[in-house]
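Listed below are the residues making up each chain.
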Amino acid sequence: MKKMRIAQIAPLIESVPPRKYGGTERVVYNLTEGLVEAGHEVTLFASGDSSTRARLVAPVSESLRLGRKSRSPFVMHMLMLSKVYEEMEGQFDIIHSHLEYLTLPFAARSSTPTVLTMHGRLDTPDYDRMLMQYAGMPYVSISDAQRVPVPDINWVGTIYHGYPESLFEFNPDPEGYFLYLGRFSEEKRPDQAIMLARACNVKLKIAAKIDPADRAYFKERIEPLLGHPLIEFVGEVDDRRKALLLQNARGLLNPIDWPEPFGLVMIEALACGTPVIVRRCGSSPEVIASGTTGFVCETRQEFIDAIRNIDTISRRACRREFERRFTRDRMTSNYVKLYHELIAAARQKRGIPGPGGGEGEIAA
């Protein structure tokens, strides 16, 4: 297909890819690298400590969370958007923003088509009102479940996240522990993971980040539970340590209690062959096939039964599901197809003939 000039706009909170915790930035990294590998001309707008084969335009030298200088995330993101849409207007065939609603006023005025991937939950107060103000913009969901709070905007596709097949090594022979991986927050329910491990008398390793907003929850609800001999608190981990923990776990214990938009940790586990035990909410039934790649649970007893029956799940089936549905190549090709469709639609709207001579036509 025709090669494109593509802008990728990443959040500035973490580097691309993130050094430790960071979901959206990890997705942006893999998509950007996949697009470069496919031969497209890609410009990545991200922090200066990012690593990419694309052209990097950095409004800040360091990511905002781990950087040495305190900066306003709102101001820095608005400055970045001004650069994309005002200073560099006309340099791209399509702009792909991962900043969600901040992008909307800029994108609405631009002659270059913009697509927005929504990475977060959409059920927060007044979010639907903001999106409905720009209901005609092209939006991508990362699961069908994510769309439920705002069904009536212009959803142009659901595209699942993906990783390179070589990034996580398949391990058919795990050790004896279960793993909780992510961050400490009430909606992720690490307290329930601990209580379930104790109820089933299994070892649980916890690798998680503590956000400033969650420090009180950690101190009051989690820290008192960490002294149990079955529980090992590992802390926040980098990619290498995360991969080792996932590869060697019998199962990923993921008792989330919120409308999870996607859940990267679940496909990271599948890539290692590690089954996932997860609550039935948000995207989890779309990502995990209960009884095949893990267990999707609703009650405490179902969680306990899942832990006790984890070895009935084929680890090879988990890896095959990852290779079939959640690779970087699959994610990239889905976005490339969508970009071409949006560019053609924008040309047709403006009455500009496509490259093949016909209006709106995209050359193969």
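Above: the structure in question.
Rules and cut-offs
Residues numbered from 1 in each chain as written. Predicted model: local features only at pLDDT ≥ 70, side-chain atom pairs only at ≥ 80, totals over all residues. Heavy atoms only, no water. Pairing = 2+ DSSP bridges. Helix = DSSP H or I, 4+ residues; strand = E, 2+ residues; numbered from the N terminus. Axes fitted to C-alpha atoms, helices over the stretch in contact; angles between N-to-C directions. Contact = heavy atoms within 4.5 Å. Core = buried A, V, L, I, M, F, W, Y, C linked by side-chain atoms within 4.5 Å. Buried < 20%, exposed > 50% of the residue type's maximum accessible area, 1.4 Å probe, protein only. Parallel < 35°, antiparallel > 145°, perpendicular 65-115°, else oblique. Left-handed = near helix turned anticlockwise from the far one by under 90°. Nonpolar A, V, L, I, M, F, W, Y, C, P; charged D, E, K, R; others polar. 1 Å grid on protein atoms, 1.4 Å probe; cavity = no way out; pocket = protein on both sides within 12 Å on 5 of 7 lines; lining within 4 Å. Points joined across faces, edges and corners; volume = space filled by probe spheres on them.

Trainee: I tried to follow the sheet that holds strand 10 (residues 231–233) on my own but got confused; where do I start?
Mentor: Strand order in the open sheet made by the six strands is 10-9-8-11-12-13, with parallel pairing throughout. Of all the strands in the sheet, just strand 10 and strand 13 (294–297) have a single pairing partner and so form its edges. Strand after strand, the sheet turns through a mean of 20° between neighbouring axes, direction not considered. Two elements, strand 12 (residues 276–279) and strand 13, share four bridges in a ladder whose sense is parallel. Among the inter-strand pairings, Val278 is bridged to a residue of strand 13, identified as Val296. On top of the sheet, helix 7 (residues 239–248) reaches strand 8 (178–183), strand 9 (204–209) and strand 11 (251–254); it is set at about 145° to strand 8, its chief contact. Against the sheet, helix 10 (residues 300–308) engages strand 8, strand 11, strand 12 and strand 13, with an angle of about 175° to strand 12.

Trainee: When you look at the nonpolar core in this model, what are you seeing that I'm missing?
Mentor: The tendency in soluble globular proteins is for nonpolar side chains to be buried side by side. Core analysis: the largest hydrophobic core is formed by 85 residues, its most contacted members being Leu204, Ile206, Ile277 and Tyr339. With eight residues, the top contributor of residues to this core is helix 8 (residues 264–272). The residues touching Ile206, leaving out its near neighbours within four places in the chain, are Tyr180, Phe184, Ile194, Leu226, Ile231, Glu232, Phe233, Val234 and Gly235. Counting residues in each nonpolar core, the second largest holds 30 residues, with Val57, Val60, Met118 and Trp155 among its members.

Trainee: Just to check I follow, could you spell out the packing of helix 8 against helix 11 (residues 315–325) for this structure?
Mentor: Packed helices, taken two at a time, are described by the angle between their axes plus the distance between the axes. For the pair helix 8 and helix 11, the least separation of the axes is 6 Å and the interaxial angle reads 120°. Compared by their axis directions, helix 8 and helix 11 come out oblique. Crossing of helix 8 against helix 11: the hand is left-handed. In contact with Ile267, Leu270, Ala271 and Cys272 of helix 8, helix 11 contributes Arg315, Cys318, Arg319 and Phe322. For the contact of helix 8 with helix 11, the per-class residue count stands at six nonpolar, no polar and two charged.

Trainee: Mind showing me how you'd approach the layout of surface pockets here?
Mentor: A probe matching the size of a water molecule, rolled over the atoms, marks out where space remains unfilled. Space inside the largest pocket adds up to approximately 1,400 Å³. Tyr21, Gly23, Thr24, Glu25 and Arg183 are the residues nearest the centre of the largest pocket, which is lined by 49 residues in total. At the level of secondary structure, the elements contributing two or more residues to the lining of the largest pocket comprise helix 1 (24–37), strand 8, strand 9, helix 7 and helix 8. A per-class count over the lining of the largest pocket returns 20 nonpolar, 12 polar and 17 charged. Size it by volume and the second largest pocket reaches roughly 400 Å³. Taken together, 16 residues make up the lining of the second largest pocket; nearest its centre are Ser110, Pro113, Thr114, Ala346 and Lys349. Counting residues per element, the lining of the second largest pocket draws most heavily on helix 12 (residues 328–350), which supplies five residues. Taken together, the residues that form the lining of the second largest pocket break down as eight nonpolar, six polar and two charged.

Trainee: What should I look at first to understand helix 7 in this one?
Mentor: Residues spaced three or four apart along an α-helix face the same direction, because each turn holds 3.6 residues. Listed in full, the buried residues belonging to helix 7 are Lys242, Ala243, Leu245, Leu246, Gln247 and Asn248. Considering only its buried residues, helix 7 is in contact with helix 1, strand 8, strand 9, strand 11, helix 8 and helix 11.

Trainee: What exactly am I supposed to notice about the sheet that holds strand 2 (residues 41–45) here?
Mentor: The pairing of strands in a sheet comes from backbone hydrogen bonds and takes either a parallel or an antiparallel form. On the basis of which strands lie adjacent, the open sheet formed by seven strands has the order 3-2-1-4-5-6-7 and parallel pairing. The open sheet has two edge strands, strand 3 (55–57) and strand 7 (155–158), and neither has a second partner. Taken pair by pair, the neighbouring strands of this sheet meet at an average axis angle of 25°, ignoring direction. Against the sheet, helix 1 touches strand 1 (5–9), strand 2 and strand 4 (94–97), its axis set at about 160° to strand 2. Each of strand 1, strand 4, strand 5 (114–117), strand 6 (139–141) and strand 7 touches helix 12; the most contacted strand, strand 4, lies at about 130° to it.

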